Amino acid sequence: MAKLDSKVPKGPIADKWTTYKDKIDLVNPANKRNIDVIVVGTGLAGGSAAATLAELGYNVKAFAYQDSPRRAHSIAAQGGINAAKNYMGDGDSNYRLFYDTVKGGDYRSREANVYRLSEVSGNIIDQCVAQGVPFARDYGGLLDNRSFGGVLVSRTFYAKGQTGQQLLLGAYSAMNRQIARGKIEMYNRHEMLDVVKVDGKARGIIARNLITGEIERHSAHAVVIATGGYGNVYFLSTNAMGSNATAAWKIHKKGAYFANPCYTQIHPTCIPRSGDYQSKLTLMSESLRNDGRIWVPKHLEDAKAIQEGKLKPTQIAEENRDYYLERRYPAFGNLVPRDVASRAAKERCDAGYGVNKTGEAVYLDFAAAFERYGTQQAKIKGIHNPSKEEIIKLGQAIIEEKYGNLFQMYEKIIAENPYETPMMIYPATHYTMGGVWVDYNLMTTVPGLYCIGEANFSDHGANRLGASALMQGLADGYFVLPYTIGDYLSDDIRTGKIPTDTPEFDEVEKEVKDRLDFFINNKGTHSVDYFHKKLGKVMWDKVGMARNEKHLKEAIDEIKEIREDFWKNVKVPGGQNEFNQELEKAGRVADFLELGELFALDALDRNESCGGHFREESVEQDGPQKGEALRNDKDYAYVSAWEYKGEPSDAVLHKEELEFKDIELKTRSYK
Ligand SMILES: Cc1cc2nc3c(=O)[nH]c(=O)nc-3n(C[C@H](O)[C@H](O)[C@H](O)COP(=O)(O)OP(=O)(O)OC[C@H]3O[C@@H](n4cnc5c(N)ncnc54)[C@H](O)[C@@H]3O)c2cc1C
């Protein structure tokens, strides 16, 4: 059994990363030319890593299942990216970002990694500005910041509601420069279906050309997995339809431990589900909570009238509204972290106060912001005694400037004008904090196999703060991996090319081909989506926002049953040697069906509430925190790292005990 060693360097936290970089082995520029690195995934994490490694001189082979790196799911990121620049002069610092992230993650992340993340956060902004990323600027031309949940400063850099897209274009241009020079070989429309190990080290992958169906062997001295999160295990989520866990799960089966699978983020501000035939959910960025106020009717009869379409929100007087986040959490109000806001919305809706037909929606209302900004604008423009209509119009123009594209998106989906009536929102699966276990070097438990971005379990603990995923993905890709992988590769300067005509490649290729053959030949009775939806329903109902022992045990059994049924009855039309999206989906859903079970098992093991993982058995019974999640540091201050042993239920749990030397463990209160 491999020992779980986080490899955190010794010394004071603020010096660890600098001392580490000073002492690691380097590969000289001439030798880098003889070393190949495979990067699977070219979203923000993989794209930034591929560009940087190629810039350093390594030969990079990059893979993505889309037709271009520009289409990675990272493009969907709306709200922004955090960095401790303290441009607003509101008291921010590396330490404060570190503190907020550890606290936000409910004290379930590794201190040293989070400190490093905070330390390099400022570099990310400089790098992206140098690439031409058009971050929002204030009237004086300086970079603007806004605030996100769970913090008391404004440290979020943004490009309207399209931050991910703009950052991805930056990373993509950096990649393109290297593609043009031949330092990156870009394999679009290729899906990694397994990893190949030689003498215990990751030395290559088996990939399928998604256009022709051809199975290819690719070798390298190290393999980097940057394939994003597994939120689509719930079927419905805000993730891209193609987001999947296959690469992460396949490496898990080949020896990489999988950490904290139960830590999922359910985002509070998504467009509510409209019916059974929906295949995707849409996020309304958290940035909207800077200006929108969340409420439900104070009286059940009003809520009921709204649900029946007999009353409009605008007809409910101010005193009859319950701004429940402001009421329950006066210090943070509408900007409490996502897990807290999601649970509070569920609590109100479960009590019958929901505001749409299904009773699963709350309001996000901008009326107060229209008035506040409008009044300011009237003053700035020297308009004396403006009418209420004039004020609202002026205020709406400011909101449009800040969030116009989000308002437009909402109107397109719901067919209601959010400038005239409050938006309706409800929590939905959004992000996975769990993922492949990595040490301080971002290496998995398989030597030479790295994992970065959302695909790994670092650095958000049990709950990620808004705008921190982009920060982590880019920190990993631009500023951390390029150092740590060099230290490993310095032992490979004499290895030479890794051949692919070896028994190790033969064996894995055969496994991959056999599985594809099975899907095509099974000729079952139900589509892949049929099983995916069933899995998603179990996950949402029993492993969703609130979890308990009974439901988790049922979920484990039910997922097993769905999996057995899937392998007997799945139907995949079409052939193998052609573009076949049903075949792609079949492989991905097969992996979700295993991951889902481990997810529930992990949730069952963790009999405490922390971050996004809320166990109904673990709730504060008294005092000011009554009714809130109850963490148990005595028994659960560890990272769960699961080792694959055949069936998900046979997985062996390894614990990485978490040490908190620089932050005191406290009750996480946002009151
Ligand atoms: C709607 C939405 C809005 C968000 N907004 C924000 C925000 O404002 N701020 C923030 O910090 N975070 C935000 N997030 C989270 C953030 O966008 C993601 O966590 C982040 O972009 C993930 O980046 P990544 O590079 O790890 O993975 P991805 O961007 O998901 O990229 C995955 C890559 O892997 C490739 N891939 C996957 N599997 C395979 C395979 N088997 N073979 C080959 N290639 C493969 C894909 O082709 C793709 O290139 C948001 C998330 C959502 C869903």
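A quick note: this is a predicted structure, and the numbers were derived from the prediction, not measured.

### Points about the overall build of the protein chain
Next, step 1: When helices and strands are counted, the protein chain shows 18 helices and 19 strands.
Next, step 2: A compact globule built from 671 residues should have a C-alpha radius of gyration of about 26 Å, and the protein chain, at 25 Å, falls within 12% of that.
Next, step 3: Its C-alpha atoms put the protein chain at 80 × 55 × 50 Å along the principal axes.
Next, step 4: Here the protein chain carries 87 positive and 93 negative side-chain charges, and the mean point of each set is 2 Å from the other.

### What about the environment of glutamate 608?
Next, step 1: Along the chain, glutamate 608 turns up in the loop between helix 17 (581-605) and helix 18 (633-636).
Next, step 2: For glutamate 608, a relative accessible area of 0% translates into the label buried.
Next, step 3: Reaching out from glutamate 608, the side chain makes a polar contact with the backbone nitrogen of asparagine 632 at a distance of 2.8 Å.

### Looking at the packing of aromatic side chains
Note on aromatic pairs: each is described by the distance of the centres and the angle between the planes.
Next, step 1: A complete count under the given rule lists 34 aromatic pairs for this structure.
Next, step 2: Measuring from centroid to centroid gives 5.1 Å for phenylalanine 98 and tyrosine 115, while their planes differ by 70°, and the two rings are edge-to-face. Here phenylalanine 98, found in helix 4 (residues 94-104), pairs with tyrosine 115, found in helix 5 (residues 111-131); they are 17 residues apart in sequence, far enough to count as distant.
Next, step 3: When the ring of phenylalanine 566 is compared with that of tryptophan 567, the centres are 5.4 Å apart and the planes differ by 90°; the resulting orientation is edge-to-face.

### Some details on the pairing of strand 18 (residues 638-643)
It is a general feature of regular strands that their side chains alternate between the two faces of the sheet.
Next, step 1: Along strand 18, six of the six residues are buried, which leaves the element largely enclosed by surrounding structure.
Next, step 2: Every second residue of strand 18 is oriented toward a common face, with Tyr638, Ser640 and Trp642 on one face and Val639, Ala641 and Glu643 on the other, all of them buried.
Next, step 3: Two elements, strand 10 (residues 258-259) and strand 18, share two bridges in a ladder whose sense is antiparallel. Paired with alanine 259 across the bridge in strand 18 is alanine 641.

### Re empty space enclosed by the protein
Where empty space is left in the structure can be found by rolling a water-sized probe over the atoms.
Next, step 1: For the structure shown, the criterion picks out three cavities of 30 Å³ or more.
Next, step 2: A volume near 50 Å³ is recorded for the largest cavity.
Next, step 3: Contributing to the lining of the largest cavity are Thr264, Ile266, Asp339, Ser342, Arg343, Met545 and Gly612.
Next, step 4: Secondary-structure elements contributing two or more residues to the lining of the largest cavity are strand 11 (264-270) and helix 10 (338-350).
Next, step 5: The greatest single-element share of the lining of the largest cavity, amounting to three residues, is contributed by helix 10.
Next, step 6: Residue composition of the lining of the largest cavity, by class: two nonpolar, three polar and two charged.

### Description of the site of the ligand
Next, step 1: Not every one of the 38 residues close to the ligand is listed here, only the nearest: Gln66, Ser74, Gly79, Met192 and Glu454.
Next, step 2: Between the ligand and glutamine 66 there is a distance of 2.4 Å, counted from an oxygen atom to a side-chain nitrogen or oxygen.
Next, step 3: One nitrogen or oxygen atom from the main chain of glycine 79 is found 2.7 Å from an oxygen atom belonging to the ligand.
Next, step 4: Taken by itself the ligand offers 1000 Å² of open surface, and the protein chains cover 97% of this.
Next, step 5: Mapped onto the shell around the ligand, the elements with two or more residues apiece are helix 3 (44-56), strand 6 (190-198), strand 15 (423-432) and helix 13 (468-489).
Next, step 6: For the shell around the ligand, a count of residues per class yields 17 nonpolar, 18 polar and three charged.

### Remarks on the sheet that holds strand 10
Next, step 1: An order of 16-10-18-19 is seen for the four strands of this open sheet, with the pairing classed as antiparallel. Two strands lie at the open edges of the sheet, namely strand 16 (435-436) and strand 19 (652-657), each paired on one side alone.
Next, step 2: With respect to the sheet, helix 17 is in contact with strand 10, strand 18 and strand 19, its orientation differing from that of strand 18 by roughly 145°.

### Here we look at the pairing of strand 6
Next, step 1: Most of strand 6 sits inside the fold, with eight of its nine residues counted as buried.
Next, step 2: Taken together, the eight bridges between strand 6 and strand 7 (residues 201-209) define a ladder with antiparallel strand orientation. When the sheet's bridge partners are listed, lysine 197 is paired in strand 7 with alanine 202.
Next, step 3: Between strand 6 and strand 7, which pair antiparallel and follow one another directly, the connecting turn spans two residues, one of which, aspartate 199, has a positive phi of 50°.

### As for helix 13
Side chains of residues three or four places apart in an α-helix project in the same direction, reflecting 3.6 residues per turn.
Next, step 1: Relative to the 32 Å expected for 22 residues at 1.5 Å per residue, helix 13 spans 29 Å between its end C-alpha atoms, a close match to the ideal helical length.
Next, step 2: Its maximal kink placed at valine 480, helix 13 deviates by approximately 55°, while the proline proline 482 follows within four residues.
Next, step 3: Burial of helix 13 is extensive: 19 of the 22 residues sit out of reach of the surface.

### Overview of unusual backbone geometry
Trans peptide bonds make up most of the peptide bonds, and negative phi angles are found at most residues other than glycine.
Next, step 1: Note the cis peptide between serine 458 and aspartate 459, where omega equals 0°.
Next, step 2: Structurally, the position occupied by aspartate 459 is in the loop between strand 17 (449-451) and helix 13.
Next, step 3: Despite not being glycine, asparagine 86 has its phi angle at roughly 55°, a positive value.
Next, step 4: Tracing the backbone through its elements, the reader meets asparagine 86 in the loop between strand 3 (81-82) and helix 4.
Next, step 5: Judged by its relative accessible area of 30%, asparagine 86 is partly exposed.
Next, step 6: In this structure, lysine 523 is a non-glycine residue whose phi angle is positive, near 50°.
Next, step 7: Note that lysine 523 resides in the loop between helix 14 (503-522) and helix 15 (528-542).

Calculation rules
- Residues numbered from 1 in each chain as written.
- Predicted model: local features only at pLDDT ≥ 70, side-chain atom pairs only at ≥ 80, totals over all residues.
- Heavy atoms only, no water.
- Helix = DSSP H or I, 4+ residues; strand = E, 2+ residues; numbered from the N terminus.
- Rg over C-alpha atoms; globule rule 2.2 N^0.38 Å.
- Lys, Arg positive; Asp, Glu negative; His and termini not counted.
- Charge placed at Lys NZ, Arg CZ, Asp CG, Glu CD.
- Buried < 20%, exposed > 50% of the residue type's maximum accessible area, 1.4 Å probe, protein only.
- Polar contact = N/O pair within 3.5 Å; in protein donor to acceptor, adjacent residues only side chain to side chain.
- Phe/Tyr/Trp six-rings, centres within 6.5 Å; stacked < 30°, edge-to-face > 60°.
- Pairing = 2+ DSSP bridges.
- 1 Å grid on protein atoms, 1.4 Å probe; cavity = no way out; pocket = protein on both sides within 12 Å on 5 of 7 lines; lining within 4 Å.
- Points joined across faces, edges and corners; volume = space filled by probe spheres on them.
- Nonpolar A, V, L, I, M, F, W, Y, C, P; charged D, E, K, R; others polar.
- Near = heavy atom within 4 Å.
- Areas by Shrake-Rupley, 256 points an atom, 1.4 Å probe, with all protein chains shown as cover.
- Contact = heavy atoms within 4.5 Å.
- Axes fitted to C-alpha atoms, helices over the stretch in contact; angles between N-to-C directions.
- Expected span 1.5 Å × (residues − 1).
- Bend = angle between axes of the 7 residues up to and from the residue.

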